[in-house]
Amino acid sequence: MGILVTGGAGFIGSHTCIELLNDGNEIIVVDNFSNSNPESLNRVCRITGKSIKIYHLDLLDLESLEEVFLVNQIEAVIHFAGLKAVGESVQDSLKYYKNNIATTIIICELMQKYSVKNLVFSSSATVYGLPDTVPISEGFPLKAINPYGRTKLMIEEILQDLYISDNEWSITILRYFNPIGAHESGMIGEDPSGTPNNLMPYITKVAVGQLNVLNIFGNDYPTIDGTGVRDYIHVVDLAIGHVLALDKTLKSTGVKIYNLGTGKGYSVLEVVSAFESATGVKIPIKITNPRPGDAAICYADPKKAEKELNWKAKKGIIEMCEDSWRWQSRNPDGFKINEESENPRLIYSEDFLIPNN
Ligand code: UFG
């Protein structure tokens, strides 16, 4: 039996693949590589010494996706695939509703048809909107403030309704706070296309010399130093959280919801300073206007995950910065492969990479 991982080539997906493989799971990845690179999976195989079955297809392609369910014995699905840029979701909301919501419905329909009723879903702290107080626990009021956030919230509601309609389902919804860091090998990490929207990839692009200055979006928030405070979590801790959530999902039915965060907030200036002391690289900064829709402070109450999943984030902010930097400095152009050098993808392509188009 295997675990189907949608969006397994992405930042959180690829790190979770490593932890799933290390835990002895067989995995099948479905990815359209629209915002990721198959090279990340090649590296996952190199890091773990294990193989992955990879389908290059779009989740909206029902027929091809059904083939995956027909050919493989699937025990559970971890559903990462989706679009995640807040600004883009405002500009092109239909794209977000189609890509995030329609794909989730398609995958759930197939899961139901093939009696694969175990699902772990990637949600986000974005479903809390602009919280009135911190730390944020799972019972806080939910309110999305942009189309991306609404897709996450709507999917959470769809999944709750799905369970009500069929009690055989076991669904675990994981609300991520701010994942940063990278695998300690420096071989995989976050590889955004274009100019990064998020803080840590922006900092590492400045550090590597591809961007000149970090724009800090406002310094007048009611926080320790006026800059926004977030709960940064190491992506490997987050990935381990998925393995534990999967175990729990396989053991009982129902819908369970967990925050995955550290419970500690850092301001933008504190992150910059941690990065500088972890790496020795100075980050030039410029204070600019606040970004519309940004909360002043957002950090998790992670006690529920600790109690019920036996999960706790272990890695601190310095390790997050060191690992982000190891990845970026060794891979200044991300997963882009120099065609003249040995193409490591060949090692795995015949056996494991099965592009269908
Ligand atoms: N920031 C800057 N400059 C930048 C980028 C970010 O000052 O160039 C600041 C932001 O204002 C914020 C903090 O750094 O205070 C973190 O910003 P990110 O964009 O890294 O993260 P967000 O908390 O805004 O967004 C993240 C995810 C979203 C998710 C949201 C809420 O990227 O997908 O958390 O959970 F919706």
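Residues numbered from 1 in each chain as written. Predicted model: local features only at pLDDT ≥ 70, side-chain atom pairs only at ≥ 80, totals over all residues. Heavy atoms only, no water.

The biggest cluster of nonpolar side chains holds 39 residues, and the ones touching the most others in it are Val5, Ile27, Leu41 and Ile52. Discounting chain neighbours no more than four positions away, the residues touching Val5 are Cys17, Leu20, Ile27, Ile28, Val29, Val30, Ile78 and Phe80. Counting residues in each nonpolar core, the second largest holds 27 residues, with Ile28, Val116, Phe121 and Ile155 among its members. (Core = buried A, V, L, I, M, F, W, Y, C linked by side-chain atoms within 4.5 Å. Buried < 20%, exposed > 50% of the residue type's maximum accessible area, 1.4 Å probe, protein only. Contact = heavy atoms within 4.5 Å.)

Moving on, we come to unusual backbone geometry. Of the consecutive residues Val134 and Pro135, the connecting peptide bond is found in the cis state with omega at -5°. Turning to its location among the elements, Pro135 is positioned in the loop between strand 5 (118-124) and helix 6 (147-165). The backbone of Phe33 shows a phi angle near 55°, a positive value even though the residue is not glycine. Tracing the chain through its elements places Phe33 in the loop between strand 2 (26-31) and helix 2 (39-48). Unusually for a residue other than glycine, Asn310 sits at a positive phi of about 60°. (Helix = DSSP H or I, 4+ residues; strand = E, 2+ residues; numbered from the N terminus.)

This part takes up the site of the ligand. Lining the immediate surroundings of the ligand are 19 residues, of which Asn198, Asn215, Arg230, Arg291 and Asp294 lie closest. Contact between the ligand and Phe217: an oxygen atom at 2.9 Å from a main-chain N or O atom of the residue. Within the complex, 88% of the 690 Å² of free accessible area of the ligand lies under protein. Residue assignment for the shell around the ligand shows that the elements contributing at least two residues are helix 7 (199-207) and strand 8 (214-217). Here the shell around the ligand takes four residues from strand 8, the largest share from any one element. Of the residues contributing to the shell around the ligand, the split by class is nine nonpolar, seven polar and three charged. (Near = heavy atom within 4 Å. Polar contact = N/O pair within 3.5 Å; in protein donor to acceptor, adjacent residues only side chain to side chain. Areas by Shrake-Rupley, 256 points an atom, 1.4 Å probe, with all protein chains shown as cover. Nonpolar A, V, L, I, M, F, W, Y, C, P; charged D, E, K, R; others polar.)

Take helix 6 next. An α-helical segment advances 3.6 residues per turn. Residues three or four places apart therefore align on the same side. Given a rise of 1.5 Å per residue, 19 residues ought to cover 27 Å, and the 26 Å separating the end C-alpha atoms of helix 6 matches this to within 8%. Those residues of helix 6 that sit buried are Pro147, Tyr148, Gly149, Thr151, Lys152, Leu153, Ile155, Glu156, Leu159 and Leu162. Where helix 6 is buried, its residues touch helix 4 (86-91), helix 5 (93-113), strand 5, strand 6 (170-176) and strand 11 (254-260). (Expected span 1.5 Å × (residues − 1).)

Quick look at the sheet that holds strand 9 (residues 229-230) now. Taking strand neighbours across the sheet as the criterion, the three strands line up as 12-9-14 in an open arrangement whose pairing is mixed. Either end of the sheet is taken by a strand with one partner, and the two such strands are strand 12 (266-267) and strand 14 (297-298). Sheet topology places strand 9 next to strand 14; two bridges connect them, and they run parallel. Along strand 14, the bridge assignment pairs Arg230 with Cys298. (Pairing = 2+ DSSP bridges.)

Put simply, helix 5 and helix 6 touch, their axes get as near as 9 Å, and they point 20° apart. Overall, the two elements helix 5 and helix 6 adopt an arrangement that is roughly parallel. Relative to helix 6, helix 5 is oriented so that their crossing is right-handed. In contact with Ser93, Tyr96, Tyr97, Asn100, Ile101, Thr104, Ile105, Cys108 and Gln112 of helix 5, helix 6 contributes Pro147, Tyr148, Arg150, Thr151, Met154, Ile155, Ile158, Leu159 and Leu162. (Axes fitted to C-alpha atoms, helices over the stretch in contact; angles between N-to-C directions. Parallel < 35°, antiparallel > 145°, perpendicular 65-115°, else oblique. Left-handed = near helix turned anticlockwise from the far one by under 90°.)

It is worth spelling out a nonpolar patch on the surface at this point. A cluster of nonpolar residues, Ile105, Met154 and Ile158, forms a patch on the protein surface that exposes about 210 Å² of accessible area. Looking at the element boundaries, Ile158 is found in helix 6. (Patch = residues over 30% accessible without salt bridge, like charges linked within 9 Å, V, L, I, M, F, W, Y side chains within 5 Å. Salt bridge = Lys/Arg side-chain N within 4 Å of Asp/Glu carboxyl O.)

With that settled, the discussion passes to the pattern of salt bridges. This structure, assessed with the given rule, holds eleven salt bridges. Between Glu156 and Arg175 there is a salt bridge whose closest N-O contact spans 2.7 Å. One end of the pair, Glu156, is in helix 6; the other, Arg175, is in strand 6, and 19 residues separate them in sequence. One exposure class covers both Glu156 and Arg175, and it is buried. Residue Arg326 pairs with Asp323 through a salt bridge whose shortest N-O separation is 2.7 Å. In this pair, Arg326 and Asp323 are both assigned in helix 11 (residues 317-330), three residues apart and thus about one turn of the helix distant. Overall, Asp323 belongs to the buried group, its relative accessible area being 3%. Where salt bridges share partners, they join Lys117, Asp166 and Glu168 into one cluster.

Okay, the side chain of Glu39 next. Topologically, Glu39 is positioned in helix 2. A polar contact is formed between the side chain of Glu39 and the side chain of Arg43, at a distance of 2.8 Å.

With 17 residues, helix 8 (residues 235-251) extends 25 Å between its outermost C-alpha atoms, agreeing within 8% with the 24 Å of an ideal straight helix rising 1.5 Å per residue. The set of residues buried in helix 8 consists of Val235, Val236, Asp237, Leu238, Ala239, Gly241, His242, Val243, Ala245, Leu246 and Thr249.

Let us now look at the pairing of strand 4 (residues 74-79). Here is the key point about a regular strand: its side chains alternate between the two faces of the sheet. By the criterion of burial, strand 4 is predominantly enclosed, with five of the six residues buried. Across five bridges, strand 1 (residues 2-6) lies against strand 4 in parallel orientation. Pairing of Val5 across the sheet is with Ile78, part of strand 4. Where strand 4 meets strand 5, three bridges bridge the pair, whose relative direction is parallel. Paired with Val77 across the bridge in strand 5 is Leu119.

The values are spatial; any link to function lies outside them.
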